[in-house]
Amino acid sequence: MMVERQLRDRGIGAEKVLQAMSRVPREKFVPFVERERSYQDGPLPIGKGQTISQPYIVAYMTELLQLSGRERVLEIGTGCGYQTAVLAEITQHVYTIEIIESLGLSSQKLLCRDLGYSNIDFKIGNGRDGWSEFEPFDRILLTAAPQEFPGSLFEQLEVGGIAVAPVGNFYQKIMRYYKLPDRIKKETLITVSFVPCI
Ligand code: SAH
């Protein structure tokens, strides 16, 4: 129902994304008291002032990454790990960074031990620094909003790669950046509201 009504009916067309989101058990990523609302059409609190994003926004940003399945993706803002799981369903490898240690550790346990993903690496730290050990990445996705895109992350993006992020204060625009051989091409998309990137 969520996939049909909230995603496909609103224009999410990428089958890989729709299939991934029908496989990931969203109820496992929300706190027990919110469980009945797991598939509702909006974000939910996950504790520590953070949220699990609205399903449509997860689908929308994942679709923007144009994943074929072979990419190595850097995600900044693991949170509860839901977006991480959607990425891991579709692509070869996900490197995810979370700044709040308890969130990063509980997501690692859920994704690796409980759900059995073996294609995700976790780091606790500031995602603005990227993860130089594993660069270059084919895709970079921010799920926390910086006021301006941290330009140094482009150095860890492969030429031909794509970065997607909510950028701005309070309300943000989803931005998509293409790393071309000689420059960064940018596209300004929909208005969203994400928690800030620290
Ligand atoms: N991806 C999640 C939503 C995450 S909310 C989902 O699937 O629903 C954003 C997360 O980014 C929060 O957990 C927050 O702690 C984290 N965050 C904020 N600033 C960060 C930074 N500089 N580096 C890494 N993580 C950061």
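Residues numbered from 1 in each chain as written. Predicted model: local features only at pLDDT ≥ 70, side-chain atom pairs only at ≥ 80, totals over all residues. Heavy atoms only, no water.

**Considering the packing of helix 3 (residues 55-64) against helix 4 (residues 82-90)**
Where helix 3 meets helix 4, the closest approach of the two axes is 11 Å, and the angle between their N-to-C directions is 40°. Considered as vectors, helix 3 and helix 4 are oriented oblique to each other. Along this stretch, helix 3 crosses helix 4, giving a crossing that reads as right-handed. Residue-level inspection shows V58, M61 and T62 of helix 3 in contact with helix 4, the latter providing Y82, Q83, V86, L87 and I90. A breakdown of the residues in the contact of helix 3 with helix 4 according to their chemical character gives 6 nonpolar, 2 polar and no charged. (Axes fitted to C-alpha atoms, helices over the stretch in contact; angles between N-to-C directions. Helix = DSSP H or I, 4+ residues; strand = E, 2+ residues; numbered from the N terminus. Parallel < 35°, antiparallel > 145°, perpendicular 65-115°, else oblique. Left-handed = near helix turned anticlockwise from the far one by under 90°. Contact = heavy atoms within 4.5 Å. Nonpolar A, V, L, I, M, F, W, Y, C, P; charged D, E, K, R; others polar.)

**A word on the pairing of strand 4 (residues 93-98)**
Within strand 4, 6 of the 6 residues are buried, leaving the element largely enclosed by the surrounding structure. Burial along strand 4 is two-sided: the residues H93, Y95 and I97 and V94, T96 and E98 are all buried. In the classification by handedness, the crossover that spans strand 3 (residues 72-76), the intervening helix 4 and the parallel strand 4 is right-handed. The handedness of the strand 4 to strand 5 (residues 120-124) crossover, carried by helix 5 (residues 101-114), is right-handed. (Buried < 20%, exposed > 50% of the residue type's maximum accessible area, 1.4 Å probe, protein only. Right-handed = clockwise from strand over helix to strand, strands pointing away.)

**Some remarks on the sheet that holds strand 8 (residues 172-179)**
Read from one edge of the open sheet, 7 strands run 5-4-3-6-7-8-9, paired in mixed fashion. Every other strand in the sheet has two partners, leaving strand 5 and strand 9 (184-192) as the edge strands with one partner each. Neighbouring strand axes in the sheet, compared pairwise and without regard to direction, differ in orientation by 15° on average. With 7 bridges joining them, strand 8 and strand 9 adopt antiparallel strand pairing. In the strand pairing of strand 9, Y178 is matched with K185. Contacting strand 4 and strand 5, helix 5 crosses the sheet at an angle of about 165° to strand 5. (Pairing = 2+ DSSP bridges.)

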